[in-house]
Amino acid sequence: MAGSVNDRISPPRWLLAELTYSCPLQCPYCANPIDFARIKSELNTEDWLRVLSEARAMGAVQLGFSGGEPLVRPDLTELVKHARQLGYFSNLITSGYGMTEAKIVELKEAGLDHIQVSIQSPEKTLNDELAGTESYDHKKEVARLVKKNGYPMVLCVVIHRKNIHQMHDILAMASDLGADYLELANTQYYGWAHLNRDQLLPTKEQFVEAESIAQAYKEKVKGKMKIYYVVPDFYEDRPKACMNGWGTTFLTIAPDGTALPCHSARELPGLDCPNVKDMSVHDIWHHSAAFNHFRGFEWMKEPCRSCPEKTKDFGGCHCQAYLLTGDMHNTDPACSLSPDRQRVYDAIFQARHDAESANAKPLIFRNPKNSKALT
Amino acid sequence: MTLDTTKTLNFSPFLRLQWEEAQQKHVILYPEGIVELNVPSTEILKLCDGAHNAEDILVELEEKFKQPGLKNDIYGFLEVAIENGWVS
Ligand code: SF4
Ligand code: SF4
């Protein structure tokens with residue numbers, strides 16, 4: 001089939017290995033699916049070793065071990081060792097909960113390249129409240145141990161309405177911990193964050209202020225600390241180029257082996273994502289219906305189809321289009337040209353209403369009990 | 001920024017420089033990123049090994065490529081590499 005989409009498929013470059021949905025924390029913005037507690041099966045060690053090998057053979061080189069909390073997996077060190085032998089640059093994305101110095105050393109010896117520790121807030125009470133578990137002091141200790149043991153210190157703080165006013169303190173904490181990289185990730189509203197959006201979405205004024213503080217600081221620490229600032233697209237005119245284009249760069253493998261073109265794709269109905277237990281990673285990437293679904297521009301509706309910007313943003317995020325409009329093929333309402341743009345304004349309005357209301361709704365925490373109750 | 005051409009240069013211990021078969025290129029890997037390199041950049045970075053300074057690198061590569069007048073290219077690239085934290 002000369003000239004078909006299949007001829008132009010680029011190999012995956014980033015592999016996200018979600019090792020488990022188990023997690024001792026309960027962050028209300030967690031990107032895991034709402035029904036995670038019903039997805040019990042987990043790939044065994046052999047399956048993971050094979051997935052790592054197959055994806056590497058295709059060209060994947062950046063590897064993230066995440067979850068849930070990846071430290072829960074007893075075979076983590078073995079997987080890290082294998083990843084290193086294959087030539088991956090591997091990253092452990094952890095809440096720090098359950099981490100010990102012995103483990104940090106063991107992982108380093110196994111070849112782990114960096115550890116990304118997430119802290120919920122620079123303030124103990126809020127951190128522990130958001131995490132649903134007392135974890136603040138330990139997280140800071142882990143951050144220090146990561147640095148002490150010769151890893152680059154990558155700190156991640158997810159930003160939302162409960163902590164956005166703490167931007168100055170967040171930056172001070174990062175510098176205090178000697179962070180080499182700081183990821184300020186404005187919450188993306190999928191999974192649990194979508195559920196809690198009214199309580200989490202900042203107002204525009206809050207967002208603008210926080211961004212200007214972060215950008216000024218970025219200049220100041222240039223050359224010392226690298227800051228990645230992930231913008232919240234609700235206040236932008238154009239959507240993000242989701243995953244750098246569907247099936248072009250990113251591959252996520254969920255704990256049960258489901259292969260996802262983006263880590264939220266599990267929420268998309270009818271996509272029917274393949275499983276690494278049934279197909280090789282190569283076949284999944286090249287031949288599965290799910291990975292081909294949004295490749296190219298054929299699937300697009302108007303206004304994207306005839307839009308000159310489609311090669312830049314690929315129509316935005318399909319999960320967001322689905323969550324806000326009910327159809328994943330629609331233009332992402334984060335785009336001001338979307339006929340459903342009003343949904344974004346409604347969301348902003350509702351969130352502001354919640355913020356100003358005397359009896360604001362409580363957050364729904366990400367835990368197995370709530371997961372089962374909701375699905 | 002002015003480059004101190006007599007200072008010994010080191011490739012960052014936090015990063016990795018490696019050959020990627022799939023792309024037929026050398027790349028720099030760092031937390032959250034990949035940078036693809038061309039042949040001359042790779043040669044320069046490989047010499048940032050704690051034993052060479054910018055002047056040594058210039059001499060060595062002009063010799064290796066049998067081409068004089070590489071000074072601006074090499075020093076220019078090293079400035080970028082230092083600014084990006086690849087080399088210190
Ligand atoms: S976001 Fe919080 S609850 Fe979700 S996996 Fe990470 S640490 Fe666990
Ligand atoms: S209409 Fe579609 S392609 Fe055009 S800018 Fe908006 S999202 Fe992008």
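Residues numbered from 1 in each chain as written. Chains lettered and ligands numbered in written order. Predicted model: local features only at pLDDT ≥ 70, side-chain atom pairs only at ≥ 80, totals over all residues. Heavy atoms only, no water.

- Under an unreviewed UniProt entry, the name given to chain B is Pyrroloquinoline quinone biosynthesis peptide chaperone PqqD, and the organism recorded is Candidatus Methylumidiphilus alinenensis.
- According to UniProt, the comment filed for chain B under the heading Subunit (unreviewed entry) is "Monomer. Interacts with PqqE."
- The record in UniProt for chain B states the following under Pathway (unreviewed entry): "Cofactor biosynthesis; pyrroloquinoline quinone biosynthesis." (UniProt positions renumbered as here; feature names shortened; annotations may be inferred.)

- Chain A has the name PqqA peptide cyclase in an unreviewed UniProt entry, where Candidatus Methylumidiphilus alinenensis is given as its organism.
- Taken directly from UniProt, the Pathway (unreviewed entry) text for chain A runs: "Cofactor biosynthesis; pyrroloquinoline quinone biosynthesis."
- Reading the Sequence similarities (unreviewed entry) entry of the UniProt record for chain A gives the comment "Belongs to the radical SAM superfamily. PqqE family."

A word on the layout of surface pockets
Then, number 1: In this structure, the second largest pocket encloses a volume near 570 Å³.
Then, number 2: Taken together, 23 residues form the lining of the second largest pocket, with Gly223 and Lys226 of chain A together with Glu83, Asn84 and Gly85 of chain B sitting closest to its centre.
Then, number 3: Counting residues per element, the ones that place at least two in the lining of the second largest pocket are α9 (204-220) and β7 (226-230) of chain A together with α3 (71-83) of chain B.
Then, number 4: Along the lines of polarity and charge, the residues of the lining of the second largest pocket split into eleven nonpolar, five polar and seven charged. (1 Å grid on protein atoms, 1.4 Å probe; cavity = no way out; pocket = protein on both sides within 12 Å on 5 of 7 lines; lining within 4 Å. Points joined across faces, edges and corners; volume = space filled by probe spheres on them. Helix = DSSP H or I, 4+ residues; strand = E, 2+ residues; numbered from the N terminus. Nonpolar A, V, L, I, M, F, W, Y, C, P; charged D, E, K, R; others polar.)

Description of the packing of helix α2 (residues 76-86) of chain A against helix α3 (residues 101-110) of chain A
Between two packed helices, both the angle of their axes relative to each other and the distance between the axes serve to describe the pair.
All names here are of chain A.
Then, number 1: Taken N-terminus to C-terminus, the directions of α2 and α3 make an angle of 25°; their axes are 8 Å apart at the nearest point. One way to sum up the angle between α2 and α3 is to call them roughly parallel. Between α2 and α3, the residues in contact are Leu76, Thr77, Val80, Lys81 and Arg84 and Lys103, Glu106, Leu107 and Ala110, respectively. (Axes fitted to C-alpha atoms, helices over the stretch in contact; angles between N-to-C directions. Parallel < 35°, antiparallel > 145°, perpendicular 65-115°, else oblique. Contact = heavy atoms within 4.5 Å.)

So, the interface of chain A and chain B
Then, number 1: Each partner contributes to the interface: chain A provides 24 residues, whereas chain B provides 15 residues.
Then, number 2: Summing both sides of the interface, chain A and chain B together bury roughly 1,600 Å²; the carbon and sulfur share of this comes to 54%.
Then, number 3: Among the residues chain A hides against chain B, the three largest losses belong to Arg13, Phe89 and Tyr181 of chain A. Together they make up 29% of the total.
Then, number 4: Put simply, chain A and chain B have two salt bridges between them.
Then, number 5: Salt-bridge contacts for Arg16 of chain B lead to Asp113 of chain A; the nearest nitrogen and oxygen are separated by 2.6 Å.
Then, number 6: Inspection of the chain A/chain B interface yields eight residue pairs in polar contact (both at pLDDT 80 or more).
Then, number 7: Contributions of two or more residues to the side of chain A that touches chain B are made by α1 (45-58), β4 (114-118), β6 (181-186) and β7 of chain A. (Buried area = accessible area lost by both parts, 1.4 Å probe. Salt bridge = Lys/Arg side-chain N within 4 Å of Asp/Glu carboxyl O. Polar contact = N/O pair within 3.5 Å; in protein donor to acceptor, adjacent residues only side chain to side chain.)

Topic: the site of ligand 1
Then, number 1: As a matter of local geometry, ligand 1 sits amid Cys23, Leu25, Gln26, Cys27, Cys30, Asn32, Gly68, Ser95 and Arg366 of chain A.
Then, number 2: Along the lines of polarity and charge, the residues of the shell around ligand 1 split into four nonpolar, four polar and one charged. (Near = heavy atom within 4 Å.)

Thoughts on the site of ligand 2
Then, number 1: In the vicinity of ligand 2, the contacting residues are Arg238, Pro239, Pro303, Cys304, Cys307, Glu309, Lys310, Asp313, Gly315, Thr331, Cys335 and Leu337 of chain A.
Then, number 2: Here the shell around ligand 2 is built from residues that sort into six nonpolar, two polar and four charged.

Some details on the sheet that holds β4 of chain A
Residue and element names in this part refer to chain A.
Then, number 1: Judged by pairing direction, the sheet is mixed, and its nine strands sit side by side in the order β7-β6-β5-β4-β3-β2-β1-β8-β9 without closing on themselves. Sheet topology places β7 and β9 (259-260) at the edges, where each strand pairs with a single neighbour.
Then, number 2: Examined bridge by bridge, strand β1 (residues 14-18) and strand β2 (residues 62-66) share five bridges and lie parallel to one another. The partner of Trp14 across the bridge, within β2, is Gln62.
Then, number 3: Along the sheet face, α1 touches β1, β2 and β8 (250-253) and points at about 170° away from the line of β1.
Then, number 4: Docked against the sheet, helix α6 (residues 167-176) engages β5 (153-159), β6 and β7, running at close to 165° with respect to β5. (Pairing = 2+ DSSP bridges.)

Side note on the nonpolar core
Residue and element names in this part refer to chain A.
Then, number 1: By size, the foremost hydrophobic cluster in this structure holds 111 residues, and its most contacted members are Phe65 and Leu184.
Then, number 2: Considering each element in turn, this core owes the most residues, six residues, to β5.
Then, number 3: The contact partners of Phe65, leaving out residues within four places of it in the chain, are Ala17, Leu19, Leu52, Pro70, Leu76, Leu79, Val80, Ala83, Ser90, Asn91, Leu92 and Ile93. (Core = buried A, V, L, I, M, F, W, Y, C linked by side-chain atoms within 4.5 Å. Buried < 20%, exposed > 50% of the residue type's maximum accessible area, 1.4 Å probe, protein only.)

What about a negative patch on the surface?
Residues and elements named next belong to chain B.
Then, number 1: Together, Asp4, Asp49, Glu55, Asp56, Glu60 and Glu63 make up a region of like negative charge exposed at the surface.
Then, number 2: It is helix α2 (residues 54-64) that provides the largest number of residues to the negative patch, a total of four residues.
Then, number 3: Tracing the sequence through the fold places Asp56 in helix α2.
Then, number 4: Taking the relative accessible area as the measure of exposure, Asp56 reaches 32% and is therefore partly exposed. (Patch = residues over 30% accessible without salt bridge, like charges linked within 9 Å, V, L, I, M, F, W, Y side chains within 5 Å. Areas by Shrake-Rupley, 256 points an atom, 1.4 Å probe, with all protein chains shown as cover. Lys, Arg positive; Asp, Glu negative; His and termini not counted. Charge placed at Lys NZ, Arg CZ, Asp CG, Glu CD.)

Here we look at α3 of chain B
All names here are of chain B.
Then, number 1: In a regular helix each residue adds 1.5 Å, so 13 residues correspond to 18 Å; α3 covers 18 Å between its end C-alpha atoms and thus fits that length.
Then, number 2: Among the residues making up α3, those that are buried are Ile74, Tyr75, Phe77, Leu78 and Ala81. An end-on view of α3 places all buried positions within 160° of arc, on one side of the element. Set apart from the buried face of α3 by more than 90 degrees, the exposed residues are Asn72, Asp73 and Glu83.
Then, number 3: The secondary structure elements touched by the buried residues of α3 are β1 (8-10), α1 (39-46) and α2. (Expected span 1.5 Å × (residues − 1). Arc of directions from axis to C-beta.)

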